[in-house]
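This is what each chain is made of:
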Amino acid sequence: TAPASTAGSATAVAHPNIALIKYWGKRDERLILPRTDSLSMTLDIFPTTTRVRRVPGADHDDVTLGGAPAQDEAQRRIVTFLDLVRERAGSADRAVVDTENTVPTGAGLASSASGFAALAVAAAAAYGLDLDATALSRLARRGSGSASRSLFGDFVVWHAGRHTGTEEEADLSSYAEPVPTGPLDPALVVAVVNAGPKDVSSRAAMRRTVDTSPLFEPWAVSSKDDLVDMRQALGRGDLEAVGEIAERNALGMHATMLAARPAVRYMSPASLTVLDSVLQLRRDGVLAYATMDAGPNVKVLCRNADADRVAGVVRSAAQGGAIHIARPGPAARLLLG
Ligand code: 2P0
């Protein structure tokens, strides 16, 4: 048992990730089992640091985010997650949870991914659960699907898991793991075109898409092929192909939402202006491909050597929005001491 868990207190740090093959749609809402495999790059910016301290005898969990008490939905999701950890640890202890997020508000960089990855690592240690990286990834998944991928650094695949068999078999087989790659040296330029809150949460949007969009099934089928192609492109270090596959997979995901009833549209006019600038970069011979998540912000994959040039072009197009440059980042880890 690590010293951190003996003390009933542990601190962990995790980074966000951006999917190149998207997770969009669940087949089990309670266990957070996805419809399809997904694949992401962990970033080296915007870490989340979370401390979990057990308080024997306390009658409630005390959760603060950036020094302020967690609001209803965040509080509920974190307490539900802690209940799962307590059940596994055979402990009734409530906890004090402190989270510091360095993601600028509304940056559209799924803080739930770094958040639940850091919480899973810290809570497992604080409650004395001896879990390997695979088990921690499965645990993080229960907080937020994309968090399963933030357990690992660089490029990561999250297996949807077995669709047949028992619930336990499905749960055991849906975890993330690192993907081997050839030399890539990429950067991801993040253009924040709108920092406001979104109208529809990604959780609600993916549910509506699966339930009502006639384009969901075709996208899920083509996403399988995209994943096969993506693994090959990563393996041979072919950044051009990686970008091409990532862009088509993301735009396809947005098409599924546009066809939902009623439609979910995260793209804004500013998003389209940035997407146009990415096309112009390509016409000018620069390797640049876009991906977008459940919001209007655009992430542009490029060569690390071109990152400043790409950031400059994207900055003009983003009309005053903040620009961040990310590179492949580290795995989630426990901070000792
Ligand atoms: C992804 N997104 O693969 C996709 C692409 C957004 C668009 O994972 O319901 O916060 O907590 O499992 O992980 C955002 O969804 O959803 C997401 P839940 P999550 O990154």
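Here, the structure is the one placed above.
All residue numbers here refer to positions counted from 1 along the written sequence of the relevant chain. Totals for whole chains, interfaces and linings use every residue, but because this is a predicted model, local features are given only for residues with pLDDT of at least 70 and side-chain atom pairs only at 80 or more, for both listing and counting.

*Asks:* Just to check I follow, could you spell out the overall build of the chain for this structure?
*Replies:* Scanning the chain from N- to C-terminus turns up ten helices and 16 strands. Here the radius of gyration uses the C-alpha set of atoms, whereas the globule reference equals 2.2 Å times the residue count to the power 0.38. Computed over its C-alpha atoms, the radius of gyration of the chain comes to 20 Å, within 12% of the 20 Å expected for a compact globule of 337 residues. Projected onto its principal axes, the C-alpha positions of the chain cover 65 × 40 × 40 Å. A buried classification covers 48% of the 337 residues belonging to the chain. Relative to all contacts within the chain whose residues are 6 or more apart in sequence, the contacts with residues 24 or more apart total 76%. Under the DSSP-based scheme used, a helix requires at least four consecutive residues in state H or I and a strand at least two consecutive residues in state E, with every element numbered from the N terminus. Here the C-beta atoms are placed from the backbone, and a residue counts as buried if at least 20 other C-beta atoms lie within 10 Å of its own, exposed if 12 or fewer do, and partly exposed otherwise. Contact definition: two residues whose C-beta atoms, as placed from backbone geometry, lie within 7 Å.

*Asks:* Help me understand the nonpolar core in this model?
*Replies:* Burial of nonpolar side chains together is a common tendency in soluble globular proteins. Any set of buried Ala, Val, Leu, Ile, Met, Phe, Trp, Tyr and Cys residues joined through C-beta atoms within 7 Å is what this text calls a nonpolar core. Residues Ala117, Ala120, Val121 and Val300 are the most contacted members of the largest nonpolar core, which totals 94 residues. With twelve residues, helix α3 (residues 111–126) is the largest single contributor of residues to this core. Split by domain, this core shows at least three residues from each of two domains, domain 1 (3–181) and domain 2 (186–326). Residue ranges for the domains originate in an automatic or database domain assignment.

*Asks:* Can you help me understand the site of the ligand in this one?
*Replies:* Nearness here is judged by the C-beta atom: place it from the backbone, and if it falls within 6 Å of a molecule or strand, the residue counts as near that partner. Near the ligand lie 15 residues; those nearest to it are Ala19, Tyr23, Ser144, Gly145 and Ser146. We call Asp, Glu, Lys and Arg charged. Ala, Val, Leu, Ile, Met, Phe, Trp, Tyr, Cys and Pro are nonpolar, and the rest, Gly among them, are polar. Looking at side-chain class alone, the shell around the ligand contains six nonpolar, six polar and three charged residues. Three or more residues apiece are contributed to the shell around the ligand by two domains, here domain 1 (3–181) and domain 2 (186–326).

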